[in-house]
Each structure stands twice: as structure tokens, then as C-alpha cells.
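Okay, here's what each chain looks like letter by letter:
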Amino acid sequence: MSAHEPLVLGIETSCDETGIGIVRGRTLLSNTIASSMDEHSRYGGVVPEVAARAHLEALQPSIEAALAEAGSALDLDGPLALTDLDAIAVTSGPGLAGALMVGVGAAKALAVSLDKPLYAVNHLVGHIAADILDAEAGPLEYPTVALLVSGGHTSLLLVRDLTTDVELLGETMDDAAGEAFDKVARILGLPYPGGPEIDRAAVGADPTAIRFPRGLSRASDMEKHRYDFSFSGLKTAVARWIEQQPLRQAQEPDVEWTVPVGEVAASFREAVVDVLVTKALDACARHDVPRLLLGGGVIANRRLREVAIERAAAAGVTVRIPPLSLCTDNGAMIAALASELIMSGRRPSTLAFGADSTLPVTEIQIAEADAGAAA
């Protein structure tokens, strides 16, 4: 195997997207994603059993599509051959247990049948690794603060080294930001997924119309929860505000009143964005790190990117955002992290690992072989 620019296939099945990515070193060759979002939309959220079955159906065609795309990127006459790969990588956790098992099982089967080394890696650290595939952004500098915001995770990390030292500063204590967007969208009668719908509803509306609470942001919260997040109370505040509005109709019977969806959406979104950006920049200041990396699917939210860039510039902090196609869950970020591990001399994982739905972010690679067992 070439440790200089390894050719790695990554498998990502932590939630509702089957991601297969192929990289050579830090060069992206393929990023194939099959989403089961439409299947979950009827339920208003991700159903684990539905997600796992969708991964089973999507894996083989997704791998074939990724190999074809990589072959084209490498100017081959046809698809890249599996035998040409240097290594296989897979998300071991965190995520939905059943969904993770599908990817882990497939990765082990490929690694054994092809006699290729296997790297079991952390999904959250993979989101950071996505940034290194952006050739125009230049090398990722250390240390950096990383804010990861997705449907299932909201985490604030201090990254001193991508392959050896990632520290968890804080995380969500209840609903992640993406979950809050979905639940508030449902309250407002908007379709799933809620993030894009909230964004659309908020266009042109006043984000200061309603002052919704900023969870864990009071002075009394700072000692224990300075970098933690809580959006459950915000979701409840939106629901309570809407429930109380019939009183307005009773007090003004001659005025026809409806829920101002745009103002509620914009005000809710502003509360989420304010908390995320404030805590991230506070972490940059307290750790003397002038760099902030944004990752995760919720980074597609236009207002979050705008506020982060504007407030970071005022604070003298540089913001890095991977291409939006690499912010959602994808296999390319998993391949990229494994590629970095290989180039830094890390040994492959043994086959002793399994799916770990609560894998801590400090475990970047799982079940690394010891020196005596390394192939």
C-alpha cells in the first residue's frame, strides 16, 4: 500500500444517507450519496429501521457508481477496480446502531475479500476531514476550533491534530440543532426536513420580531455549560408562543389573525444561530485560536454561514467551510480521514470493532492493530 497518496474507499451509513467516497491522498475522486430522506418524510423524521433497510438496498449500486466516477476522474477506460484500492474505511460511530451495522458489515466483507487494510473511524472527526478535500482552501492549520452542526449532533471541538488530538469542548444536551429545526417546522406545519423549509419561510421576515430564549447562555450556565448546547427549551418556547396567540384573537375579535410563520421561523432561526456562533467564537477567544471550521449538514443554512462569517471577521477569526456537498454525511470525508491516518503512519484497524452508536469524538480510529499484528 502506498502511504504517500493512498487510494481509499470510504463507507458512511450513520444515518439516512448511504455515502461512498473515493480519495487519493487529499484529492477527491468520487462522492456518491444515496439518500433515503423521501422515505422518512412521511414520518416527519428518520426511522432507524427504514434507514438500515435503505442502506442495504443502496450500498452495491452506490459503490458501483463511485468506482465509475473515480475511474472517470483518473482518466481510466472504465470504472476503478476494487483491487486497485489501497484501503477501505468505514464509519464505526456515532450514529444509528442498525444503520452503522450495515456499513461496518460491508466494509469488513470488502476488506477480507480483497485482502485490504481496514480503517474504522469516527463520523464526527470525518466531518473535519472533509475540509482537507477542498484544494482551494489550502492546508488545515492547527489548532482549530470546529463547530459541527447536523441533524443528530451539535458539537464544539478543539482540534490540535486531526489524527491524534481532538478534544470535545461541548455538545448538545438534548435536541441537536437539526432536530430542533425539524420539530419547529412540524409545529409550523412545514414539511420535513425542517432546515430548508425554515430557511424558505424566513425569507424577508424580521428575525428580531420575537425574542426566543438562547439556551445555556445565561451567566449562571457559563461555569458548567459554557460550550454545551440545548435547543429543547427553544423548541418548547416556539410551541408555547403559538399556543398563546389565540388570546390575541380573543382580545381583538375584529382582527383576523393567523400565525406569522415567517416571523416565527426567522426569529427561531436567529436564536439557534446566535447560540451556535456565540459559543464557537467564545471558544476561539478563550483558547486563543484564530480559526473556526464549520461542518455538518446544518451548515447549509444560509443565515448561519452569514452570521458566522460576519461575526468572526469582527473578532479576527478566519472561517473555513468545506464545499456544501461535503458538509452532509458522505463517504468521501471518511475516506479522507483514513487517508490522513495512513499518511501519518497509523496502522489499520483489526476486525474486532463493531458499530458504536455513542462513540466519543476523542476516539478518532477504532481498534488499531498493535505493532506485532500489523500487516
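Just above sits the structure.
Residues numbered from 1 in each chain as written. Predicted model: local features only at pLDDT ≥ 70, side-chain atom pairs only at ≥ 80, totals over all residues. Heavy atoms only, no water.

A. View of the overall build of the protein chain. Along the backbone of the protein chain there are 12 helices and 11 strands. Against the compact-globule benchmark of 21 Å for 375 residues, the protein chain has a radius of gyration of 22 Å, which places it among compact chains. Judged by the C-alpha coordinates and their principal axes, the protein chain covers about 75 × 45 × 35 Å. Expressed as a percentage of the 375 residues in the protein chain, the buried residues total 52%. (Helix = DSSP H or I, 4+ residues; strand = E, 2+ residues; numbered from the N terminus. Rg over C-alpha atoms; globule rule 2.2 N^0.38 Å. Buried < 20%, exposed > 50% of the residue type's maximum accessible area, 1.4 Å probe, protein only.)

B. Representation of the pairing of strand S1 (residues 7-12) within the structure. For S1, the buried fraction is high: six of the six residues fall into the buried class. By the alternation rule, side chains of S1 split into Leu7, Leu9 and Ile11 and Val8, Gly10 and Glu12, which are all buried. Where S1 meets strand S2 (residues 17-24), six bridges bridge the pair, whose relative direction is antiparallel. Counterpart to Leu7 in the pairing with S2 is Arg24. Connecting S1 to the next strand, S2, in antiparallel fashion are four residues. In terms of strand pairing, S1 meets strand S4 (residues 87-93) through four bridges, oriented parallel. (Pairing = 2+ DSSP bridges.)

C. Region of the structure containing the environment of Ala283. Counting through the fold element by element, Ala283 comes out in helix H10 (residues 261-286). Distance from Ala283 to Leu147, taken between C-alpha atoms, is 10.0 Å for residues 136 residues apart in sequence. Discounting chain neighbours no more than four positions away, the residues touching Ala283 are Val145, Leu156, Leu169 and Tyr227. (Contact = heavy atoms within 4.5 Å.)

D. Fine view of the sheet that holds strand S10 (residues 318-320). Within the open sheet, the five strands sit side by side as S8-S7-S6-S9-S10. Their pairing is mixed. Only two strands of the sheet have a single partner each, and these edge strands are strand S8 (165-171) and S10. Here the average twist between neighbouring strands, direction ignored, is 25 degrees. The sheet contact formed by strand S9 (residues 291-295) and S10 spans three bridges and is parallel. Its bridge partner lying in S10, Leu293 is registered against Arg320. Contacting strand S6 (144-149), strand S7 (154-161), S8 and S9, H10 runs over the sheet at an angle of about 160 degrees to S6. (Axes fitted to C-alpha atoms, helices over the stretch in contact; angles between N-to-C directions.)

E. Up close: the side chain of Asp199. Positionally, Asp199 belongs in helix H6 (residues 194-202). Under the relative-accessibility criterion, Asp199 is labelled buried at 11%. Reaching out from Asp199, the side chain makes a polar contact with the side chain of Asn301 at a distance of 3.1 Å. Setting aside residues no more than four positions away along its own chain, Asp199 makes contact with Arg269, Ala300, Asn301 and Arg302. (Polar contact = N/O pair within 3.5 Å; in protein donor to acceptor, adjacent residues only side chain to side chain.)

F. Just the environment of Met101, in detail. Residue placement: Met101 occurs in helix H3 (residues 97-114). Counting along the chain gives 88 residues from Met101 to Thr13, while the straight-line C-alpha distance between them is 8.3 Å.

These figures come from the coordinates and say nothing about function on their own.
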